[in-house]
Amino acid sequence: MVDSRPDMRFSLLGKVALVTGASRGIGAALADGLASAGAIVVGVARSPEPRQAFAHPVQYLAADVTKDAQGLVDRVKSQFGTIDILINAAGVSVTSDGPDQWQAAFDTTLNLNLRAAYALCLATADLMEAKHVGGSIINVTSINSLVGFPGNPAYVAAKGGLRLLTKALAVDLGPKGIRVNALAPGYIHTDMTAASYADPVRHAQRLNHTCLGRWGEVDDLVGAAIFLASDASRYMTGQDLVIDGGWTAKGLA
Ligand SMILES: NC(=O)c1ccc[n+]([C@@H]2O[C@H](COP(=O)([O-])OP(=O)(O)OC[C@H]3O[C@@H](n4cnc5c(N)ncnc54)[C@H](OP(=O)(O)O)[C@@H]3O)[C@@H](O)[C@H]2O)c1
């Protein structure tokens, strides 16, 4: 039975969430945000400890998500019984320096941004199905999943793949009551974008292409993640929720 009081539609009370890439940046903000809405949150990344403080309770686990998705899901299951929400936010952007190095950059990027996300979707969906919890899976894609960008084809390919993987999984998992959506950020100020944020020319290029006239902050994504994780979006699956300050809405910058 869904609690239809407006103030409860966004509540995550009693839900267990697994959030990857939670040591810093977007993943950390989303983990913190789900916890603020009442979820029991397990945040995962490779760093032995989170690189920033959380304002709300987040249980932090150090793990490399490219290594053993099933083992990670089993660890969360043994401690919390199930997983109701998965956010795949761990990601990397690596460019290759020359024609000889493209394979390594391509493999690293696809391995984390697409393959590891898929493995976690599968392991989590099995648990969601076994526990009959329904469930919400959120894959953090990018505006790079929608349009081409210069200089980093592996990243664009991985995010484009993750976008359509999200739709394919929505088809397969919908009958089991599991929703799968993509959260597609524009340019957000984090470690990943620190170089372009600090460069005056690239900073202005990115800012000027938005409608809102500013870069995004990690907190700009939290409301959308709570929406996708909660019953407020209970009839939404296989979709992109683009949070980009109007970047992809704008033609001539
Ligand atoms: N920033 C943007 O403008 C932007 C825009 C669109 C989409 N995104 C996407 O949003 C997500 C988060 O990006 P961000 O900007 O927050 O990046 P970030 O600041 O570089 O953080 C990346 C996170 O992923 C974790 N991570 C990396 N490799 C991992 C692995 N093998 N196993 C587990 N965790 C791993 C990192 O932690 P450890 O180093 O501790 O492992 C860190 O917590 C990514 O998927 C990115 O592609 C970012």
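Residues numbered from 1 in each chain as written. Predicted model: local features only at pLDDT ≥ 70, side-chain atom pairs only at ≥ 80, totals over all residues. Heavy atoms only, no water.

1. Observations regarding the overall build of the chain
Within the chain, the regular secondary structure consists of seven helices and seven strands. Sequence-ordered secondary structure for the chain, helices as α and strands as β, is β-α-β-β-α-β-α-β-α-β-α-α-α-β. For 253 residues, the compact-globule estimate of 2.2 N^0.38 gives 18 Å, and the chain sits close to it at 18 Å. For the C-alpha atoms alone, the extent of the chain along its principal axes is close to 50 × 40 × 35 Å. Nonlocal contacts in the chain, meaning residues at least 24 apart in sequence, comprise 68% of its contacts between residues at least 6 apart. Here the chain displays about 12100 Å² of accessible surface, and carbon together with sulfur accounts for 54% of that area. With 21 positive and 22 negative side-chain charges, the chain shows a spacing of 3 Å between the two charge centroids. (Helix = DSSP H or I, 4+ residues; strand = E, 2+ residues; numbered from the N terminus. Rg over C-alpha atoms; globule rule 2.2 N^0.38 Å. Contact = heavy atoms within 4.5 Å. Areas by Shrake-Rupley, 256 points an atom, 1.4 Å probe, with all protein chains shown as cover. Lys, Arg positive; Asp, Glu negative; His and termini not counted. Charge placed at Lys NZ, Arg CZ, Asp CG, Glu CD.)

2. Focus: the site of the ligand
As a matter of local geometry, the ligand sits amid 30 residues, with Ile-26, Arg-46, Ser-47, Tyr-155 and Thr-190 nearest to it. The contact in question runs from a nitrogen atom of the ligand to an N or O atom on the side chain of Asp-64, over 2.8 Å. Within the side chain of Tyr-155, a nitrogen or oxygen atom sits 2.5 Å from an oxygen atom of the ligand. Judged by the proximity of its atoms to the pocket grid, the ligand belongs to the largest pocket. Secondary-structure elements contributing two or more residues to the shell around the ligand are helix H1 (25-36) and helix H4 (153-173). Taken together, the residues of the shell around the ligand break down into 14 nonpolar, 11 polar and five charged. (Near = heavy atom within 4 Å. Polar contact = N/O pair within 3.5 Å; in protein donor to acceptor, adjacent residues only side chain to side chain. 1 Å grid on protein atoms, 1.4 Å probe; cavity = no way out; pocket = protein on both sides within 12 Å on 5 of 7 lines; lining within 4 Å. Sits in = over half its atoms within 2 Å of the grid points. Nonpolar A, V, L, I, M, F, W, Y, C, P; charged D, E, K, R; others polar.)

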